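# Observations on the model geometry
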Amino acid sequence: MTDPIDALPIETLRRRGSTKWAKYPADVLPLFVAESDFPLAPAITEALAGALAIGDTGYTPPTHPLQAAFVDFSARRHGWEVDATRVRTTGDVVMGLVEIMRGVISPGDGVIVTPPVYPPFFDAVPEAGGEVIRVPLVADAEGWRLDLAGIDAAFAAGARAMLLCNPHNPTGTVHDRDTLVELARIARAHGAFIISDEIHAPLVRDGVAFTPFLDAGDDAREVGFAVTSASKAYNLAGLKCALMVTASDRTTDVVSHLPVEVEWRTGWFGVIAGVAAYAPESDAWLDAVRARLDLNRELVGELVAQHLPGAQYVVPDAGYLAWIDVRPLGWGDDAAEWILENARVAVNPGPTFGEEGRGFIRVNFATSPEILQDAFARLGALA
Ligand SMILES: Cc1ncc(COP(=O)(O)O)c(C=O)c1O
């Protein structure tokens, strides 16, 4: 069992200038945007410092060690064989989703999204010229799952592509292999594409198996694109680098015909940091983060029970986001602003994830137990 990593002290975090710790005044505990509060993996710090020392701060070349590093990481961590010649980079995951969508749809085509879901999906589809087709997740006592029949019907009605969130933000759902195999079969039967956002994949809970969409059978390889990044698990969002991965000639052709600018937007520091992140020497750091998140995802359950009696929380199988149903507390559809004003805790408003998010809040638990305890005690004072 790996020792859990500790978050940085709050005094250090408050010196950070990125969104999580800079957006709100110092009396607010920020548990909103998906940045994490842990120290960087040492290999990343060393690689970036080494580059700075020699002014290695230019443009990203067309081939670089990140492709091979990702291939090695995917085999080592997920048992997934990736072809390095089918890995390209861009500035961030959402850029990759938008550009691939542009490559596979025509203006006005429907693109399926599965709310509640990562809010930028709702903007990414029109940005690519598509129209959002909503097929909400199905909720039951165990959590959430894709509505495969609804997706089939939406493709039958003309949708051309789907944005899959695998694992899913905000619910932390890790779609199982059978579901992904069936999703791929449905998409192929309709001549449609699946664009799978796998940014949260390295952060699966202990004992849960993540299935990369492109590893879910022949149909998935034929219809699928994976877009991912080291940016979430290793907290590198500001360095601007994501990977677009394919596994068939047809889909590889789509990516290779994207405008040259798409790849040119890759941040060189993102590549340098990504290589260090995916290297075997950073595995111990990643496992220490996963160990901390496993403790925190349980701690959130205890804190919800203690401070927010009646609120519903299903322990997520991946990521560091807690999706909490606060409707039983009578806080209304959209409590985040009121919580911020009255408890001085910043959480994400549920309705931004789609109307299915009314009455929910999203809480980022990639921080210390002390900050979580303080934040939930403040929320509890409102309950
Ligand atoms: C599902 C998902 N995709 C993409 C992103 C953002 O990635 P990027 O900054 O690389 O666009 C996030 C950030 O939280 C996310 O949760």
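Right, let's walk through the structure included here. Predicted model only: the values in this text are computed from it and were never measured. (Residues numbered from 1 in each chain as written. Predicted model: local features only at pLDDT ≥ 70, side-chain atom pairs only at ≥ 80, totals over all residues. Heavy atoms only, no water.)

### Regarding the layout of surface pockets
Approximately 1000 Å³ is the volume found for the largest pocket. The wall of the largest pocket is formed by 47 residues, among which Val33, Ala34, Glu35, Lys232 and Ala237 lie closest to the centre. Among the secondary structure elements, those contributing two or more residues to the lining of the largest pocket are helix 5 (93-104), helix 14 (336-343) and strand 14 (348-349). The dominant element in the lining of the largest pocket, judged by the number of residues it contributes, is helix 14, at 3 residues. Here the lining of the largest pocket is built from residues that sort into 26 nonpolar, 12 polar and 9 charged. Lining the lining of the largest pocket are residues from two domains, each supplying at least three of them: domain 1 (10-39 + 283-380) and domain 2 (46-281). Approximately 390 Å³ is the volume attributed to the second largest pocket. Taken together, 21 residues line the second largest pocket, and the ones lying closest to its centre are Glu142, Trp144, Thr173, Val174 and Asp317. At the level of secondary structure, the elements contributing two or more residues to the lining of the second largest pocket comprise strand 6 (143-145) and helix 8 (177-189). For the lining of the second largest pocket, the element with the highest residue contribution is strand 6, accounting for 3 residues. (1 Å grid on protein atoms, 1.4 Å probe; cavity = no way out; pocket = protein on both sides within 12 Å on 5 of 7 lines; lining within 4 Å. Points joined across faces, edges and corners; volume = space filled by probe spheres on them. Helix = DSSP H or I, 4+ residues; strand = E, 2+ residues; numbered from the N terminus. Nonpolar A, V, L, I, M, F, W, Y, C, P; charged D, E, K, R; others polar. Domains from an automatic or database assignment.)

### Things to note about a negative patch on the surface
A grouping of Asp333, Asp334, Glu337 and Glu341 is seen on the molecular surface, where their side chains present a negatively charged patch. Taking relative accessible area as the criterion, aspartate 333 reaches 44% and is therefore assigned partly exposed. (Patch = residues over 30% accessible without salt bridge, like charges linked within 9 Å, V, L, I, M, F, W, Y side chains within 5 Å. Areas by Shrake-Rupley, 256 points an atom, 1.4 Å probe, with all protein chains shown as cover. Salt bridge = Lys/Arg side-chain N within 4 Å of Asp/Glu carboxyl O. Lys, Arg positive; Asp, Glu negative; His and termini not counted. Charge placed at Lys NZ, Arg CZ, Asp CG, Glu CD. Buried < 20%, exposed > 50% of the residue type's maximum accessible area, 1.4 Å probe, protein only.)

### Some details on the site of the ligand
Around the ligand, the neighbouring residues are Ala34, Asp92, Val93, Val94, Tyr118, Cys165, Asn169, Asp197, Ile199, His200, Ser231 and Lys232. Here an oxygen atom of the ligand and a side-chain polar atom of lysine 232 are 3.0 Å apart. Surface burial for the ligand is 92%, taken as the share of its 390 Å² of free accessible area covered by protein chains. More than half of the atoms of the ligand fall within 2 Å of the grid points belonging to the largest pocket. Of the residues contributing to the shell around the ligand, the split by class is 6 nonpolar, 3 polar and 3 charged. (Near = heavy atom within 4 Å. Polar contact = N/O pair within 3.5 Å; in protein donor to acceptor, adjacent residues only side chain to side chain. Sits in = over half its atoms within 2 Å of the grid points.)

### Some details on the side chain of aspartate 294
The topology assignment puts aspartate 294 in helix 13 (residues 283-307). Assessed through its relative accessible area of 18%, aspartate 294 is described here as buried. Within polar-contact distance, the side chain of aspartate 294 engages the side chain of arginine 297 at 3.1 Å. Aspartate 294 has contacts with Arg205 and Asp206, leaving out every residue within four places of it along the chain. (Contact = heavy atoms within 4.5 Å.)

### Overview of the sheet that holds strand 9 (residues 224-228)
Across the sheet, 7 strands lie side by side as 2-10-9-8-7-3-4; this open sheet has mixed pairing. The sheet terminates laterally at strand 2 (87-90) and strand 4 (131-134), the two strands that pair on one side only. On average, adjacent strands in this sheet sit at an angle of 25° to one another, irrespective of strand direction. Taken together, the 5 bridges between strand 7 (residues 161-165) and strand 8 (residues 193-197) define a ladder with parallel strand orientation. Residue pairing for strand 8: leucine 164 is matched across the bridge by serine 196. (Pairing = 2+ DSSP bridges. Axes fitted to C-alpha atoms, helices over the stretch in contact; angles between N-to-C directions.)

### Side note on the pairing of strand 7
Burial runs high along strand 7: 5 of the 5 residues are buried. Where burial is concerned, the two faces of strand 7 agree: the one with Ala161, Leu163 and Cys165 and the one with Met162 and Leu164 are both buried. Both strand 3 (residues 110-113) and strand 7 contribute to a ladder of 2 bridges, which runs parallel. If you follow valine 111 over to strand 7, its bridge partner there is alanine 161.

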